[in-house]
There are 2 protein chains.
Amino acid sequence: MLITASAPGKVILFGEHAVVYGKPAIAVAVNKKAHLTIKERQDSKLKAHIKGLDINASLDLENIPTINHEFQRGILKYVLKSWEIIQEKQKTVPVKGLDIILNIEMPIGAGLGSSAAVTVATLSALNKYYKADLERDEIANLAYQVELKVQGAASPIDTTLSTYGGAIYLSTNRKAEKLPVKYELPLIIGHTPREGNTEELIRIVRKRMEKYPNSIKPIFESIEQVTMEAREALLEGDHEKLGELMNINHGLLDALGVSTPTLSRMIYQAREAGALGSKITGAGGGGSIIAYSPGKTDEVLQELGKLEKAFQIKLSEEGVTTNIQ
Amino acid sequence: MLITASAPGKVILFGEHAVVYGKPAIAVAVNKKAHLTIKERQDSKLKAHIKGLDINASLDLENIPTINHEFQRGILKYVLKSWEIIQEKQKTVPVKGLDIILNIEMPIGAGLGSSAAVTVATLSALNKYYKADLERDEIANLAYQVELKVQGAASPIDTTLSTYGGAIYLSTNRKAEKLPVKYELPLIIGHTPREGNTEELIRIVRKRMEKYPNSIKPIFESIEQVTMEAREALLEGDHEKLGELMNINHGLLDALGVSTPTLSRMIYQAREAGALGSKITGAGGGGSIIAYSPGKTDEVLQELGKLEKAFQIKLSEEGVTTNIQ
């Protein structure tokens, strides 16, 4: 029996960093996915392979070491934690070995929610394999728990989008409202290796907030208003407004201190090549920018691709899917 | 008789654009000056020469044409308007020809207040020549009138600083408070040819303000707070804070839509070369950036100078001076 599961990544369109301070955010699931295949083994080993990254890991499920094993590296932590959390849910299930093959279509650590996509795909595949009968909302919630346990802190946005797909507006009362976006929303990602991790960047913003509260609070207020206006523009399909609001949001992120020379260069390259708007997406400090350039996709892709990795993404209405062969 | 007058240019440290909406600003006079020499002629011609720019102009003061004369070009408009306004003040003075030689130590149209410096120097020299006995505050006020007449709109900051020198904080009630800054305040200017003029850039911001008032108003509030905190940092000589506040102010200007690819590149080049802070100074859309880099002046100068014109400036406590030989 071969079980496959595929879960989409995401991009944050508006509101990153401010969302940490209770402000709203808009994010969409994208057509870059994490695909996972599991196959039963005859022994008790858990073996994982990530395609294209030359990453292989192995451990014995009957005797998981507490330290120094191969599933402690990077994204594999999420795979093992997902397996453990499913085990907790299904205490009667016997431990069996599994071969896991991962194919992750997006760069890892680029603000595209690769860890959430891998987690949701892993949980969904294991849910089928162990016949745990978990509903989607349980998968979404468990995936959030996995992210919390691995990272210490997490946003439910990523795991929600990897589970359900579509576009969501996370309101100030922390409700995720599904936005019915009726068009493809073509976006370009420009990606550069990251200098800092998300926690460090959140710390940078917090330091600035604590040092200059009077100056930084109105920046969060502006991001809140930008995000609210962007919600309307997204629903109405007002491309020009969406672009302008991205540009405003980018300047505000720059003011928070999370841009870098490379990100800043890409932002302006994209605009010069015809993008209606461009901004950092996610935590910044390296990582990714998004550019919105309906009708000018090729020009922007070409310009950004000259120096950095650049690729196109689209909104994915589809959430996690599973398949049993 | 040879009369010379020298008046300093200025840079805006904090608050540009927001100042148009009643917010405070900080600006300082700088050690780049406009020097003007006048010499009486035997005929009734007004002749001007700008050193280093190969600009020469001539007209007959007894028969000034209403259109199409050589003093309608660029900065010479301020020279002629200054002469006219002094004539109005001193109706009894006979019309005599003059040779005017200008030496302007700063790039024109770079946000360094070259027009105000030229105007204040011209008025001060003519004041001596015609023995008009105008006091400094009258010079400052007349210079503001000249700028208003030539440009249609003007800020009194430039003419105030060219007249008095020093550092000023323009408060929300439009009072110019002199800030006693006790150190040199070394700054680096990175200058790039301008794409738009000040009026166009003010229009760009106004358009954004009218389209997204809820998003843009808090940006002005943040700039106000940044400027107020910078006033304290400037008085205390807190270099690190000054730099950080410049960086915040720059992101906010970027959010207002007045940065360009080149300005943005220079901003980050300066920071990478060791500047504590860097930001657009003045209207943006090309023009100048300032970088604050005590102890790293050479590194930043060298880095910026690779691709653009870059030079060092310092605070000038001295305002306009005149000399009669």
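Bear in mind that the values here come from a model prediction, so they are computed numbers and not experimental data. (Residues numbered from 1 in each chain as written. Chains lettered and ligands numbered in written order. Predicted model: local features only at pLDDT ≥ 70, side-chain atom pairs only at ≥ 80, totals over all residues. Heavy atoms only, no water.)

(A) Broad picture of the domain arrangement of chain A. Residue and element names in this part refer to chain A. Along its sequence, chain A is organised into domain 1 (2-179) and domain 2 (187-313). A straight line from the C-alpha centre of domain 1 to that of domain 2 covers 25 Å. The interface is formed by 25 residues belonging to domain 1 together with 39 residues belonging to domain 2. Around 2,700 Å² of area is buried between domain 1 and domain 2 when both sides are counted, 71% of it from carbon and sulfur atoms. For the pair domain 1 and domain 2, the interface holds 3 salt bridges. With its nearest N and O atoms 2.7 Å apart, the salt bridge here joins lysine 23 to glutamate 224. The interface formed by domain 1 and domain 2 holds 9 residue pairs in polar contact (both at pLDDT 80 or more) in total. When residues of the side of domain 1 that touches domain 2 are traced back to their parent elements, those giving at least two are β1 (2-14), β2 (25-40) and β7 (176-179). Considering every element that reaches the side of domain 1 that touches domain 2, the biggest residue donor is β2, with 5 residues. Tallied by class, residues from the side of domain 1 that touches domain 2 come to 16 nonpolar, 5 polar and 4 charged. (Domains from an automatic or database assignment. Contact = heavy atoms within 4.5 Å. Buried area = accessible area lost by both parts, 1.4 Å probe. Salt bridge = Lys/Arg side-chain N within 4 Å of Asp/Glu carboxyl O. Polar contact = N/O pair within 3.5 Å; in protein donor to acceptor, adjacent residues only side chain to side chain. Helix = DSSP H or I, 4+ residues; strand = E, 2+ residues; numbered from the N terminus. Nonpolar A, V, L, I, M, F, W, Y, C, P; charged D, E, K, R; others polar.)

(B) The nonpolar core, seen in detail. Core analysis: the biggest nonpolar cluster contains 194 residues, and A:Val11, A:Leu13, B:Val11 and B:Leu13 have the highest contact counts within it. Residues in contact with A:Leu13, not counting those within four places in the same chain, are A:Ile26, A:Ala27, A:Val28, A:Leu185, A:Leu187, A:Leu234, A:Asn249, A:Lys279 and A:Ile290. (Core = buried A, V, L, I, M, F, W, Y, C linked by side-chain atoms within 4.5 Å. Buried < 20%, exposed > 50% of the residue type's maximum accessible area, 1.4 Å probe, protein only.)

(C) Broad picture of a negative patch on the surface. A cluster of acidic side chains, namely A:Asp133, A:Glu135, A:Asp137 and A:Glu138, defines a negative patch on the protein surface. Within the fold, A:Asp133 resides in the loop between α2 (114-129) and α3 (136-151). (Patch = residues over 30% accessible without salt bridge, like charges linked within 9 Å, V, L, I, M, F, W, Y side chains within 5 Å. Areas by Shrake-Rupley, 256 points an atom, 1.4 Å probe, with all protein chains shown as cover. Lys, Arg positive; Asp, Glu negative; His and termini not counted. Charge placed at Lys NZ, Arg CZ, Asp CG, Glu CD.)

(D) Structural view of the packing of α2(A) against α3(A). Residues and elements named next belong to chain A. Between α2 and α3, whose axes approach to 9 Å, the crossing angle comes to 125°. Classed by the angle they form, the pair α2 and α3 counts as oblique. As α2 runs across α3, the sense of the crossing is right-handed. Every residue of α3 that contacts α2 at Ser115, Ala116, Thr119, Val120, Leu123, Ser124 and Asn127 is listed here: Ile139, Leu142, Ala143, Val146, Glu147 and Gln151. A class-by-class count of the residues in the contact of α2 with α3 yields 7 nonpolar, 5 polar and 1 charged. (Axes fitted to C-alpha atoms, helices over the stretch in contact; angles between N-to-C directions. Parallel < 35°, antiparallel > 145°, perpendicular 65-115°, else oblique. Left-handed = near helix turned anticlockwise from the far one by under 90°.)

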